Amino acid sequence: MPAKINLALKVGPARADGFHPLATVYHAVSLYDEVHAAWANPDEFEVVVSGEGADQVPLDDGNLALRAARLLARTHGPHDSLGVTLTIKKSIPVAGGLAGGSSDGAAALLACAMLWDIDIAPEALRGLAGELGSDVPFALLGGTAVGSGRGEEVVPALAKGTYHWVLAFGHQGLSTPAVYRHFDELNPHARQPEIPAELMNALRTGSAHQLGVTLDNDLQPAALDLQPRLGQVLEAGMEYGALGAMVSGSGPTCAFLVDSEPAAVDLSIALSADGLCRAVRRATGPVPGARVVG
Ligand code: C5P
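Conventions we followed
Residues numbered from 1 in each chain as written. Predicted model: local features only at pLDDT ≥ 70, side-chain atom pairs only at ≥ 80, totals over all residues. Heavy atoms only, no water. Near = heavy atom within 4 Å. Polar contact = N/O pair within 3.5 Å; in protein donor to acceptor, adjacent residues only side chain to side chain. Areas by Shrake-Rupley, 256 points an atom, 1.4 Å probe, with all protein chains shown as cover. Helix = DSSP H or I, 4+ residues; strand = E, 2+ residues; numbered from the N terminus. Pairing = 2+ DSSP bridges. Axes fitted to C-alpha atoms, helices over the stretch in contact; angles between N-to-C directions. Contact = heavy atoms within 4.5 Å. Salt bridge = Lys/Arg side-chain N within 4 Å of Asp/Glu carboxyl O. Buried < 20%, exposed > 50% of the residue type's maximum accessible area, 1.4 Å probe, protein only. Phe/Tyr/Trp six-rings, centres within 6.5 Å; stacked < 30°, edge-to-face > 60°. Lys NZ or Arg CZ within 6 Å of the ring centre and 35° of its normal.

## As for the site of the ligand
Right, on to step 1. Taken together, Gly18, Phe19, His20, Leu22, Gly133, Ser134, Arg150, Thr176, Pro177 and Tyr180 make up the full set of residues near the ligand.
Right, on to step 2. Note that an oxygen atom of the ligand is positioned 2.7 Å from one of the side-chain N or O atoms of His20.
Right, on to step 3. In the model, a nitrogen atom of the ligand is placed 2.9 Å from a nitrogen or oxygen of the Arg150 main chain.
Right, on to step 4. Across the complex, the protein chains shield 73% of the 450 Å² of accessible surface that the ligand would expose by itself.
Right, on to step 5. A per-element tally of the shell around the ligand places helix α5 (residues 176–186) first, with three residues.

## Here we look at the sheet that holds strand β4 (residues 45–51)
Right, on to step 1. If you trace the three strands from one edge of the open sheet to the other, you get β3-β5-β4, paired in mixed fashion. Single-partner strands in this sheet number two, and they are β3 (34–39) and β4. With strand direction ignored, the average angle separating the axes of adjacent strands in the sheet is 15°.
Right, on to step 2. Across six bridges, the pairing between β3 and strand β5 (residues 84–90) is antiparallel. Paired with Ala37 across the two strands is Leu86, which belongs to β5.
Right, on to step 3. Relative to β4, helix α1 (residues 64–76) is tilted by about 150°, and along the sheet it contacts β4 and β5.

## Remarks on the pattern of salt bridges
Right, on to step 1. Scanning all chains against the criterion turns up eleven salt bridges.
Right, on to step 2. Asp17 is the partner of Arg15 in a salt bridge, and the nearest nitrogen-oxygen pair spans 2.8 Å.
Right, on to step 3. Judged by relative accessible area, which is 47%, Asp17 ranks as partly exposed.
Right, on to step 4. In this structure, the salt-bridge partner of Lys90 is Asp33, at a minimum N-O distance of 2.3 Å. Taken together, the residues Lys90 in strand β5 and Asp33 in the loop between β2 (22–32) and β3 connect sequence positions 57 residues apart. Across the pair, Asp33 and Lys90 agree in class, each one buried.
Right, on to step 5. One network of salt bridges, with partners in common, ties together Lys10, Asp216 and Asp218.

## Section: unusual backbone geometry
Right, on to step 1. A cis amide bond links Gly251 with the next residue in sequence, Pro252, at an omega value of 5°.
Right, on to step 2. Mapped onto the fold, Pro252 is located in the loop between β10 (244–247) and β11 (254–258).
Right, on to step 3. The linkage connecting Gly285 with the following residue, Pro286, adopts the cis geometry, with an omega of 0°.
Right, on to step 4. Counting through the fold element by element, Pro286 comes out in the segment after β12 (279–285).
Right, on to step 5. Here the phi dihedral of Asp43 falls at roughly 65°; this positive angle occurs in a residue that is not glycine.
Right, on to step 6. Since its relative accessible area comes to 53%, Asp43 is described here as exposed.

## Here we look at the pairing of strand β1 (residues 2–11)
Residues in a regular strand project their side chains so that they alternate between the two faces of the sheet.
Right, on to step 1. Of all ten residues in β1, ten are buried; the element is thus mostly enclosed.
Right, on to step 2. Both β1 and strand β9 (residues 216–217) contribute to a ladder of two bridges, which runs parallel. Bridging across to β9, Leu9 finds its partner in Asn217.

## Overview of helix α3 (residues 122–132)
Right, on to step 1. Turning to α3, its buried residues number three or more, namely Leu125, Leu128, Ala129, Gly130 and Leu132.
Right, on to step 2. Contact partners of the buried residues in α3: α1, α2 (100–115) and α4 (136–141).

## Overview of the packing of aromatic side chains
Right, on to step 1. What the rule picks out here adds up to two aromatic pairs.
Right, on to step 2. Taken together, a centroid distance of 4.6 Å and an interplanar angle of 10° make the contact between Tyr26 and Phe138 stacked. Taken as a pair, Tyr26 in strand β2 and Phe138 in helix α4 lie far apart in primary sequence, 112 residues in all. Considered together, Tyr26 and Phe138 belong to a single accessibility category, that of buried residues.
Right, on to step 3. Note on Phe45 and Trp116: the rings are 6.2 Å apart at their centroids and 80° apart in plane angle, and the pair reads as edge-to-face. Of this pair, Phe45 sits in strand β4 while Trp116 sits in the loop between α2 and α3, and the two are 71 residues apart along the sequence.
Right, on to step 4. For Phe45, a relative accessible area of 14% corresponds to the buried category.
Right, on to step 5. It is Arg150 that lies over the ring of Phe19; its NZ or CZ is 4.9 Å from the centre.

## Details of the sheet that holds strand β8 (residues 163–169)
Right, on to step 1. Strands sit in the order β10-β11-β8-β12 across an open sheet of four strands; the sheet is antiparallel. Each edge of the sheet is formed by a strand with only one pairing partner; in this case those strands are β10 and β12. Mean inter-strand twist for the sheet, computed between neighbouring axes without regard to direction, equals 25°.
Right, on to step 2. In this structure, β8 lies alongside β12, joined through seven bridges in antiparallel fashion. Bridge pairing in β12 links Leu167 to Arg281.
Right, on to step 3. Packed on one face of the sheet, helix α10 (residues 261–273) meets β8, β11 and β12 and runs near 160° to β12.

What follows is the structure, encoded as structure tokens:
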């Protein structure tokens with residue numbers, strides 16, 4: 001299950017249901033969580049988590065993978081006879097703006113459907129994904145895709161080439177609802193969001209240089225206000241030669257676009273050395289969405 005970044009994240013005024021209308025371009029990158037599903041006793045749903053930030057992952061109903069398993073059992077199975085133990089190996093940081101929880105939710109849907117031999121149409125699976133969270137349908141799809149609605153309506157985008165990214169993890173997570181609330185304070189007159197045409201042009205030509213200057217995240221000012229240190233991280237990355245830099249989603253992970261694998265190695269070394277962030281990883285995108293292995 002890959003992580004995602006948003007190449008564009010344009011946000012409108014809060015809707016009556018509290019969610020914000022989005023015009024976003026999702027991009028799946030090669031940083032993966034693994035979710036394994038095994039039979040458990042009927043009506044027993046359990047999750048075990050290891051790896052990056054495991055101690056911060058909820059093990060109760062706040063866990064999206066567990067919620068996914070229960071939702072699938074309730075809607076598509078003889079649910080009183082189904083049970084599962086989910087084992088999650090995390091590489092995607094928790095509360096990092098990389099949709100790690102959403103990826104785990106999407107993976108759990110697929111893994112449980114396989115385990116329980118539930119024959120579910122792709123359309124219905126996408127519907128369940130959308131119920132679980134705004135980013136979950138994209139986690140099933142992967143690649144590069146345009147998202148609308150509250151983010152749950154996704155359509156593959158015309159995009160050429162492979163891009164090299166450097167991801168800088170923050171010392172602390174950021175709460176997505178808190179970032180959206182602060183966005184509302186900063187933007188009392190937000191307009192209906194639109195996908196930036198220049199960014200779509202850059203993706204069509206496959207030009208990393210053009211993409212670098214068109215990256216666009218409306219949540220970035222709110223994230224920077226809540227964690228001012230992120231501004232320094234973004235500046236440092238640009239000084240070290242990134243083609244573009246932005247906060248990923250609601251943050252605090254910062255994503256830097258570079259033009260080659262060697263440039264990614266150089267930038268990761270420079271960023272690691274100056275100690276502004278907790279950890280630095282390299283990734284490429286786009287990559288496919290949730291996949292069943294083994
Ligand atoms: O959909 P998801 O559960 O991932 O959203 C988490 C939170 O992020 C929501 O409760 C809401 O506060 C905020 N959000 C939003 N508008 C969106 C997506 C998320 O306000 N389009």
